[in-house]
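Next come the chains, spelled out residue by residue.
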Amino acid sequence: MTTLFNLTYFSFLTCGLAAILAVVYFVIQAPKLTGRLRLLALLNIIVCAASSVLHLYFFTRLQPIAAGAAGVQEMAAAIGELPLMVRYGYWLATTAMLIVMFPLLMGIERVGAAFAVKLVIIDFAMISTGYLGERSILSGDGVSLTALTWFTVSGMLWMYMTFSIFQALRRLPGEELIPAQRDALIYMFFFFLIGWAIFPAGFFYAMVFDSGVGVVLREFTVNVGDIVNKVLWGFLVVYAAREISKSLRAEGGA
């Protein structure tokens with residue numbers, strides 16, 4: 001077995017366990033949140049619970065391969081047994097819940113429900129075009145013009161979503177935000193800017209490397225991305241929600 005095999009194999013376990021710990025933390029913190037802020041804890045619980053199930057599923061599926069003399073090609077084949085639709089359905093559901101946390105933490109009363117709907121629609125289009133691109137590659141066309149077109153459209157949608165979030169952050173009245181809320185939104189934006197770029201990088205590996213190596217390298221990259229974009233993101237969001245709740249209680253008691 002190669003270093004890449006071991007890194008990817010244990011990254012499934014690491015990601016699954018990290019997501020479970022995150023769920024426990026979010027459950028503990030949820031009663032401390034007020035009003036709509038509790039929805040942030042609930043969304044993070046659902047996202048990390050789904051992440052833990054998927055990654056521990058892969059870890060257990062790969063155990064027989066890890067116990068034998070199999071290598072990267074066998075790992076890639078086992079990973080490929082999960083239907084593409086299921087994988088992209090997981091990404092679509094979890095990224096939609098993650099992205100809607102921006103308007104929830106900004107305050108729906110400040111940015112409007114239409115902004116949240118807009119982000120979800122862009123996310124749906126971004127994930128769907130990525131799916132069409134990968135399906136084109138797996139159908140036997142290889143890295144064709146069609147696949148590259150779909151991936152390009154998906155990347156442009158991500159850039160448009162980034163611009164939309166940046167514009168919304170710029171328009172926020174800074175004096176109405178508590179420091180923890182303002183800092184969390186800034187960190188979330190950079191998590192989104194850098195962390196979400198991990199996923200296109202993973203697909204790039206799958207396109208340019210040998211099919212087996214590319215698939216396994218993509219999975220390792222996406223697993224690292226899940227720890228950053230789901231677990232660490234969730235800790236940041238729930239911490240900010242707790243600080244906002246404290247501030248609201250203090251104002252209510254004043």
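As the structure is a prediction and not an experimental result, all values here were calculated from the model.

K.L.:
When you look at the UniProt feature "transmembrane region" (unreviewed entry) in the protein in this model, what are you seeing that I'm missing?
P.N.:
Feature annotation in UniProt places "transmembrane region" (unreviewed entry) on residues 6–27, 39–58, 88–108, 115–133, 145–163, 184–208 and 220–241, given in this structure's numbering. Between the first and last C-alpha atoms of residues 145–163 the distance is 27 Å; the span itself is 100% helix and 0% strand.

K.L.:
I tried to follow the nonpolar core on my own but got confused; where do I start?
P.N.:
Core analysis: the biggest nonpolar cluster contains 68 residues, and F102, I165, M188, F192 and W233 have the highest contact counts within it. Considering every element that reaches this core, the biggest residue donor is helix α2 (residues 37–67), with eleven residues. Not counting chain neighbours up to four residues away, the residues in contact with I165 comprise I99, F102, M106, F115, L119, F189 and F192. Core analysis: the next-biggest nonpolar cluster, separate from the first, contains nine residues, A18, A19, A22 and F26 among them.

K.L.:
Whenever I open this one, the pattern of salt bridges confuses me. Can you help?
P.N.:
A pair can form between side chains of opposite charge whenever their charged atoms are brought close. Overall, the coordinates contain seven salt bridges when judged by the stated rule. Here R110 makes a salt bridge to E176, at a shortest N to O gap of 3.2 Å. Residue R110 is found in helix α6 (residues 108–111), and its partner E176 is found in the loop between α8 (145–171) and α9 (179–195); the two are separated by 66 residues along the sequence. Under the relative-accessibility criterion, R110 is labelled partly exposed at 29%. By relative accessible area, E176 is classed as partly exposed at 47%. A salt bridge links R242 to E243; the shortest N-O distance between them is 3.8 Å. The class for R242 is buried, based on a relative accessible area of 19%. For E243, a relative accessible area of 18% translates into the label buried. Residues joined by salt bridges that share partners form a network here, namely R36, E109, R110 and E176.

The rules behind each value
Per-chain numbering applies: the sequence of each chain, read as written, is numbered from 1 onward. Under the rules for a predicted model, residues below a pLDDT of 70 receive no local features and side-chain atom pairs below 80 are neither given nor counted, while totals for whole chains, interfaces and linings still include all residues. Note that the side-chain values use all heavy atoms of the structure and ignore hydrogens as well as water. UniProt positions are given in the numbering used here, feature names are shortened, and annotations may be inferred rather than shown by experiment. Runs of H or I in DSSP of at least four residues are treated as helices and runs of E of at least two as strands, each being numbered from the N terminus. Take the buried residues of types Ala, Val, Leu, Ile, Met, Phe, Trp, Tyr and Cys, join any two whose side-chain atoms come within 4.5 Å, and each joined set is a nonpolar core. Partly exposed describes any residue whose relative accessible area lies between the buried limit of under 20% and the exposed limit of over 50%, with all areas from a 1.4 Å probe on protein chains only and scaled to the type maximum. In this analysis, two residues are considered to be in contact whenever any of their non-hydrogen atoms come within 4.5 Å of each other. Throughout this description, the term salt bridge denotes a Lys or Arg side-chain nitrogen within 4 Å of a carboxyl oxygen of Asp or Glu.

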